[in-house]
Amino acid sequence: MLWVKSLHIIFVVAWFAGLFYLPRIFVNLAMETEATSRQRLLLMARKLFRFMTLLAVPAIVFGLWLFLGYGIGKGSGQGWMHAKLALVLVLIGYHHGCGVLLRKFERGVNTRSHVFYRWFNELPVLVLAAVVILVVVKPF
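Residues numbered from 1 in each chain as written. Predicted model: local features only at pLDDT ≥ 70, side-chain atom pairs only at ≥ 80, totals over all residues. Heavy atoms only, no water.

1. Section: the overall build of the chain
Then, in step 1: Along the chain, the regular secondary structure elements total five helices and zero strands.
Then, in step 2: Expressed as a percentage of its 140 residues, the buried residues of the chain come to 34%.
Then, in step 3: As displayed, the chain has an accessible area near 8200 Å², and 71% of this comes from carbon and sulfur atoms.
Then, in step 4: Measuring between centres, the 15 positive side-chain charges of the chain sit 13 Å from its 4 negative side-chain charges. (Helix = DSSP H or I, 4+ residues; strand = E, 2+ residues; numbered from the N terminus. Buried < 20%, exposed > 50% of the residue type's maximum accessible area, 1.4 Å probe, protein only. Areas by Shrake-Rupley, 256 points an atom, 1.4 Å probe, with all protein chains shown as cover. Lys, Arg positive; Asp, Glu negative; His and termini not counted. Charge placed at Lys NZ, Arg CZ, Asp CG, Glu CD.)

Right under this line is the structure:
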């Protein structure tokens, strides 16, 4: 079980690196007017999105293995796990939303400002803080 837990944590950390960095690329894309720089940023964003998607899959698989296979968080008094799973769904939605925004940038139809993306970038930080508190403190 400790190997599965370790792999889960490693892939979650790696996935979060992408969730933190991709919206920062969006900030730069929203401000960039020069075509060559814009294309370079789009290439970086595409590669990062593909890579972070590949990292998200084992993070979720190892987490499900811990939950379904080892029963971590199952049973009564495990409300923290239900809250954590709800936040994981929020993260999956955020990840998907990043893909939608990336496709808008690729099509040249982004209508949001760099300020929006600066705020958008804060959501995974808040979710990470909540998940860590839920897992460590287990408040309910």
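2. Brief notes about the environment of Ile-60
Then, in step 1: Take Ile-60: it is sitting in helix 2 (residues 35-69).
Then, in step 2: Judged by its relative accessible area of 27%, Ile-60 falls in the partly exposed class.
Then, in step 3: For Ile-60 and Val-88, which are 28 residues apart along the polypeptide, the C-alpha to C-alpha distance reads 8.6 Å.

3. Quick look at the nonpolar core
Then, in step 1: Ranked by internal contacts, the top residues of the largest apolar core, which has 33 residues, are Trp-15, Leu-22 and Phe-26.
Then, in step 2: Those elements giving two or more residues to this core turn out to be helix 1 (2-31), helix 2, helix 3 (79-107), helix 4 (114-120) and helix 5 (123-137).
Then, in step 3: Per element, the largest residue contribution to this core is ten residues, and it comes from helix 2. (Core = buried A, V, L, I, M, F, W, Y, C linked by side-chain atoms within 4.5 Å.)

4. What to know about the packing of aromatic side chains
Then, in step 1: All chains considered together, the criterion is met by eleven aromatic pairs.
Then, in step 2: One aromatic cluster is present, formed by Phe-26, Tyr-94, Phe-105, Phe-116, Tyr-117 and Phe-120 through successive ring pairs.
Then, in step 3: The lysine or arginine in question, Lys-74, covers the ring of Phe-67, its NZ or CZ lying 5.7 Å from the ring centre.
Then, in step 4: Geometry around Phe-116 places Arg-112 over its ring, the cationic atom sitting 4.3 Å from the centre. (Phe/Tyr/Trp six-rings, centres within 6.5 Å; stacked < 30°, edge-to-face > 60°. Lys NZ or Arg CZ within 6 Å of the ring centre and 35° of its normal.)

5. Observations concerning a positive patch on the surface
Then, in step 1: Residues Arg-103, Lys-104, Arg-107 and Arg-112 make up a contiguous surface patch of positive charge.
Then, in step 2: As for its placement among the helices and strands, Arg-103 is situated in helix 3. (Patch = residues over 30% accessible without salt bridge, like charges linked within 9 Å, V, L, I, M, F, W, Y side chains within 5 Å. Salt bridge = Lys/Arg side-chain N within 4 Å of Asp/Glu carboxyl O.)

6. Let's talk about the layout of surface pockets
Then, in step 1: Considering only enclosed or pocket space, the largest pocket measures out at about 680 Å³ in volume.
Then, in step 2: Lining the largest pocket we find 28 residues, and of these His-8, Val-12, Lys-84, Val-131 and Val-135 sit closest to its centre.
Then, in step 3: Listing elements by their share of the lining of the largest pocket, those giving two or more residues are helix 1, helix 2, helix 3 and helix 5.
Then, in step 4: Take the lining of the largest pocket: its biggest share by element is eight residues, from helix 3.
Then, in step 5: Partitioned by chemical class, the residues of the lining of the largest pocket number 23 nonpolar, two polar and three charged. (1 Å grid on protein atoms, 1.4 Å probe; cavity = no way out; pocket = protein on both sides within 12 Å on 5 of 7 lines; lining within 4 Å. Points joined across faces, edges and corners; volume = space filled by probe spheres on them. Nonpolar A, V, L, I, M, F, W, Y, C, P; charged D, E, K, R; others polar.)

7. Re the packing of helix 1 against helix 2
Then, in step 1: Interaxial distance between helix 1 and helix 2 falls to 8 Å at its minimum, and their mutual angle equals 155 degrees. Here helix 2 runs roughly antiparallel to helix 1, going by the angle between their axes. Read as a crossing pair, helix 1 and helix 2 show a hand that is left-handed.
Then, in step 2: By residue class, the composition of the contact of helix 1 with helix 2 is 25 nonpolar, four polar and two charged. (Axes fitted to C-alpha atoms, helices over the stretch in contact; angles between N-to-C directions. Parallel < 35°, antiparallel > 145°, perpendicular 65-115°, else oblique. Left-handed = near helix turned anticlockwise from the far one by under 90°.)

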